[in-house]
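A closer look at the structure
So you can see what is in the structure, the chains are spelled out below.
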Amino acid sequence: MQPVVRPFREEDIPALIEMLTLNGQYDYPEIEGPEAMRRVAACDAAVFLVAEVEGRSVGLVRAVYDGSRALVHLLSVHPDQQGRGVGTTLLQACVDELVRRGAPTVSVTVSEASAAFWEKVGFARLPVFVMLKEVER
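Residues numbered from 1 in each chain as written. Predicted model: local features only at pLDDT ≥ 70, side-chain atom pairs only at ≥ 80, totals over all residues. Heavy atoms only, no water.

Describing the environment of Y28
Rules: Secondary structure elements follow DSSP: runs of H or I of four or more residues count as helices, runs of E of two or more count as strands, with numbering from the N terminus. For each residue, the accessible area found with a 1.4 Å probe, counting protein chains only, is set against the maximum for its type, and the residue is called buried under 20%, exposed over 50%, and partly exposed in between. Pairs of residues are marked as contacts when any of their non-hydrogen atoms sit within 4.5 Å.
If you trace the backbone, Y28 turns up in the loop between α1 (13–22) and α2 (29–32). A residue is classified by how much of its surface remains accessible, and Y28, at 36% relative accessible area, is partly exposed. Counting along the chain gives 14 residues from Y28 to A42, while the straight-line C-alpha distance between them is 20 Å. Beyond its immediate chain neighbours, meaning those up to four positions away, Y28 contacts G33 and E134.

Printed below as a string of structure tokens:
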């Protein structure tokens, strides 16, 4: 069954947290948790889409376009739905929205484990390094 892609809704939070946890993508609740989801949903620069199959939230994609660069921050599909086109469908809807907003390119930071998926959907490897600074609050 083809997933329905729609904007994030508050009631998606429990299913999305479960999915992120199952996929090993819930390491930083301050970035991926309920409050972060609410902040992203309220941000005009963000794209936050959910894939639904038979009424069940089974995937999410989060991205941002700042007027110059577009960046996919997170793509996750429930393990029991992987390999069925959910991620590709979600990503295409996200890219379409970013392009609609004016993005000339879309980039993503990925792990080695997921690089093959991103290459399959048309992303190219670039010779860059990702660096991170954690900030104290």
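There's more to say after this.
Section: the pairing of strand β3 (residues 56–65)
Note the threshold: In this analysis, strands are considered paired if DSSP registers two or more bridges between them.
The element β3 is largely enclosed, with a buried count of 8 among its 10 residues. Examined bridge by bridge, strand β2 (residues 46–53) and β3 share 8 bridges and lie antiparallel to one another. Counted as the bridge partner of V53 is R56 from β3. Counting the residues that bridge the hairpin from β2 to β3 gives 2 residues, and of these E54 lies at a positive phi of roughly 50°. Direction of pairing for β3 relative to strand β4 (residues 70–77): antiparallel, over a ladder of 7 bridges.

Focus on the nonpolar core
Stated precisely, the cut-off is as follows: Definition of nonpolar core: a set of buried residues of the types Ala, Val, Leu, Ile, Met, Phe, Trp, Tyr and Cys, connected through side-chain atoms within 4.5 Å.
Residues V61, V72, L90, C94, L98 and V106 are the most contacted members of the largest nonpolar core, which totals 22 residues. The set of elements that each furnish at least two residues to this core consists of β2, β3, β4 and α4 (86–100). If one sorts the elements of this core by residue count, α4 sits on top with 6 residues. Contact partners of C94, with chain neighbours within four places excluded, come to V47, L49, V61 and A63. Grouped together as the second largest cluster of nonpolar side chains are 13 residues, L16, M19, F48 and L74 included.

From the geometry alone we can't say anything about function, so treat these as descriptive.
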